[in-house]
Amino acid sequence: IMPKDTAKPQTLTRKEVLEILAETKDLNDLDIRKANLIKINFADCSLKNVNFSYANLKDANFHNADLRGASLWNANLEGADFTGANLEDADLDYAKLRGAILFKANIRRASLPTELIPRDDIMASVETGVKVGAKRY
């Protein structure tokens, strides 16, 4: 029999995430895999090392959020706004970034989904605030 504390940590639901956000902006180290987090406001939150793998973060707001070391692996980030966010060392591999805004985000050492979206498109968003994958004429 496995002792309880070594059991896999339970991933949080949308409702639980909203309850935590009502109390604090510190969500470091939480496991929010596969959660439906559409349009949630994470602005100014500390989200260091949060596991957002496979989460649906479509249209979420990450203005000035601290996502250092967070896993956004395979997450849906379409339309998410990362203006001013710190994504240093974050894992965005396989993330759906189309339509996301990365204006002035720190993406140093972040793993980027460059097999899905050209690095130039990601850099253009960081530098100018255009949506990732937006057509430039």
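About the cut-offs
Just so you know, the residues in each chain are numbered from 1, in the order the chain's sequence is written. Given that the model is predicted, a residue must reach a pLDDT of at least 70 before its local features are reported, and side-chain atom pairs must reach 80 or more before they are shown or counted; all residues, however, enter totals for whole chains, interfaces and linings. By convention in this description, side-chain values take in all heavy atoms of the structure and omit both hydrogens and water. What counts as a helix is a DSSP run of H or I of at least four residues, what counts as a strand is a run of E of at least two, and both are numbered from the N terminus. C-alpha atoms define the radius of gyration in this analysis, and the globule rule sets the expected value at 2.2 Å times the number of residues to the power 0.38. Whether a residue is buried, partly exposed or exposed follows from its accessible area with a 1.4 Å probe, protein chains only, as a fraction of its type maximum: under 20%, in between, or over 50%, in that order. Only heavy atoms enter the contact rule, under which two residues are in contact if any of them lie within 4.5 Å. The Shrake-Rupley method, run with a 1.4 Å probe, gives the accessible areas here. Residue values count only the displayed protein chains as cover. Neither His nor the chain ends is counted toward charge; the positive residues are Lys and Arg and the negative residues Asp and Glu. Taken as the charge centre is NZ of Lys, CZ of Arg, CG of Asp or CD of Glu, depending on the residue. Residue-level confidence of the predictor is summarised by pLDDT, bounded by 0 at the bottom and 100 at the top.

Peer 1: Provide a residue-level description of the overall build of the protein, including the pertinent values.
Peer 2: Counting its secondary structure elements, the protein contains 2 helices and 0 strands. Taken over the C-alpha trace, the protein has a radius of gyration of 15 Å; the compact-globule value for 137 residues is 14 Å, and the two agree within 12%. The principal-axis extents of the C-alpha atoms in the protein amount to approximately 60 × 30 × 25 Å. The buried share of the protein, taken over its 137 residues, is 44%. Of the contacts formed within the protein by residues at least 6 apart in sequence, a portion of 9% connects residues at least 24 apart. Put simply, the protein shows about 7600 Å² of open surface, and 50% of that area lies on carbon and sulfur atoms. In the protein, the 20 positive side-chain charges and the 20 negative ones have mean positions that sit 4 Å from each other.

Peer 1: Mind laying out the confidence of the model for the protein, listing which residues take part and the relevant values?
Peer 2: Confidence in the prediction of the protein, expressed as mean pLDDT, is 92, and 91% of residues score 70 or more. Overall, residues 2-6 carries pLDDT values under 50, and its contacts beyond four positions in sequence, including any with other chains, amount to 0 contacts.

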